[in-house]
Amino acid sequence: MVADGWSGGAPPAVLSRGRRGSARQVVHDVLRRRVLSLELPPGAPLSESELAAELGVSRTPVREALILLADEGLVEVVPQAGTRVSRLSVAAVRTAQFVREAVETAGLALAVSRAGAADHRALEELLERQDHARREGDVDAFMALDDAFHARLLEVAGMAGAWSVVDEAKTHLDRARRLSLPGDHRVEDLLAQHRLVARHLRDGRSEAAEATLRAHLRLVLEDLEGARVRHPGLFDDGPGASRPGRVRRTGGRRVPTTPARPTAHRPERGAP
């Protein structure tokens with residue numbers, strides 16, 4: 001475990017017979033969930049053969065799933081070292097936060113004039129469920145309900161489709177958020193800010209709602225420096241580390257810092 005103090009909820013998901021969807025997609029979903037939850041922490045090695053044996057599939061869907069994860073920036077190939085979970089990028093986290101803040105604050109401005117009684121009740125119900133997850137120490141449920149609350153705000157604004165933009169942008173952001181969530185004070189801060197946003201929305205206080213949401217979404221940036229101090233090995237662009245686009249030396253030769261795709265990984269012996 002990267003951080004202590006909170007339960008990760010249910011045990012790791014594995015494949016089972018009869019589950020819908022292609023093997024590639026199912027493997028992708030399982031591995032993606034493990035990466036985002038930090039069950040597979042940044043820098044963790046990934047073996048096609050070991051993952052295939054664990055999940056009960058051939059290595060082909062595992063290899064294809066790793067390619068999809070590489071396209072999302074969650075997996076990289078290190079020359080002469082193999083495939084691993086990509087380390088956290090401060091630059092990527094800041095970019096994701098910028099996109100999220102721009103979309104969600106614009107949506108909230110619209111939501112203030114559109115929200116009705118049913119919307120307010122739905123938001124309050126989500127907050128009660130999130131508070132229950134907090135009391136139970138269920139980090140997975142807490143984060144899922146956090147996303148549901150933000151997605152609902154965009155739905156109230158009439159911009160439900162914008163959530164897919166936010167969801168795609170916040171891949172690296174979610175991993176950074178996980179590093180701060182085990183602290184009870186931070187969990188309480190997040191929930192308190194959700195409640196305040198909902199209250200301002202109910203009272204029709206547009207500027208106050210937007211200011212609260214903006215501060216709420218910037219908490220991850222406040223936690224970022226502390227996370228790099230506590231977990232320096234999880235970040236790829238900490239003080240003194242290589243920056244994207246620069247060249248570093250690996251094994252006596254110069255290679256770009258941009259992660260390679262798993263297709264460049266030489267198949268292991270006996271691969272199908």
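The sections below set out a description of the structure shown in this document. (Residues numbered from 1 in each chain as written. Predicted model: local features only at pLDDT ≥ 70, side-chain atom pairs only at ≥ 80, totals over all residues. Heavy atoms only, no water.)

### Examining the overall build of the protein
1) Next: Counting secondary structure elements, the protein contains 11 helices and 4 strands.
2) Next: Of all 272 residues assigned to the protein, the portion counted as buried reaches 46%.
3) Next: Sequence-distant contacts in the protein: of pairs separated by 6 or more residues, those separated by 24 or more amount to 72%.
4) Next: Roughly 13,700 Å² of accessible area belongs to the protein as shown, and the carbon and sulfur atoms make up 51% of that amount. (Helix = DSSP H or I, 4+ residues; strand = E, 2+ residues; numbered from the N terminus. Buried < 20%, exposed > 50% of the residue type's maximum accessible area, 1.4 Å probe, protein only. Contact = heavy atoms within 4.5 Å. Areas by Shrake-Rupley, 256 points an atom, 1.4 Å probe, with all protein chains shown as cover.)

### Observations regarding the pairing of strand β2 (residues 82–85)
1) Next: Here strand β1 (residues 75–78) runs beside β2; their pairing, made up of 4 bridges, is antiparallel. Within β2, the residue paired with Val78 across the bridge is Gly82.
2) Next: Where β1 folds back onto β2 in an antiparallel hairpin, the turn is made up of 3 residues, including Gln80, whose phi is positive at roughly 65°. (Pairing = 2+ DSSP bridges.)

### As for the packing of helix α8 (residues 171–180) against helix α11 (residues 219–230)
1) Next: Taken N-terminus to C-terminus, the directions of α8 and α11 make an angle of 70°; their axes are 9 Å apart at the nearest point. By the angle between their directions, the pair α8 and α11 is classed as roughly perpendicular. For the pair α8 and α11, contact is made by Leu173, Ala176, Arg177, Leu179 and Ser180 and by Val220, Asp223, Leu224, Ala227 and Arg230, respectively.
2) Next: Within the contact of α8 with α11, the residues separate by chemical class into 6 nonpolar, 1 polar and 3 charged. (Axes fitted to C-alpha atoms, helices over the stretch in contact; angles between N-to-C directions. Parallel < 35°, antiparallel > 145°, perpendicular 65-115°, else oblique. Nonpolar A, V, L, I, M, F, W, Y, C, P; charged D, E, K, R; others polar.)

### Digging into empty space enclosed by the protein
1) Next: Taken as a whole and judged by the stated rule, the model has 1 cavity of 30 Å³ or more.
2) Next: Considered as a void within the structure, the largest cavity measures approximately 170 Å³ in volume.
3) Next: If you go around the largest cavity, you meet 14 residues; those closest to its centre are Arg177, Leu190, His216, Leu219 and Val220.
4) Next: Every element with two or more residues in the lining of the largest cavity is listed here: α6 (139–156), α8, α9 (184–203), α10 (206–217) and α11.
5) Next: When the residues that make up the lining of the largest cavity are grouped by side-chain class, the tally is 6 nonpolar, 3 polar and 5 charged. (1 Å grid on protein atoms, 1.4 Å probe; cavity = no way out; pocket = protein on both sides within 12 Å on 5 of 7 lines; lining within 4 Å. Points joined across faces, edges and corners; volume = space filled by probe spheres on them.)

### Some words on the side chain of Ser47
1) Next: Considering the arrangement of structural elements, one finds Ser47 in the loop between α1 (23–36) and α2 (48–55).
2) Next: Its relative accessible area of 18% is what places Ser47 among the buried residues.
3) Next: A polar atom in the side chain of Ser47 sits 3.1 Å from the side chain of Ser49. (Polar contact = N/O pair within 3.5 Å; in protein donor to acceptor, adjacent residues only side chain to side chain.)

### Points about the environment of Glu48
1) Next: By the element assignment, Glu48 lies in helix α2.
2) Next: For the pair Glu48 and Leu66, spaced 18 residues apart in the sequence, the C-alpha separation amounts to 8.7 Å.

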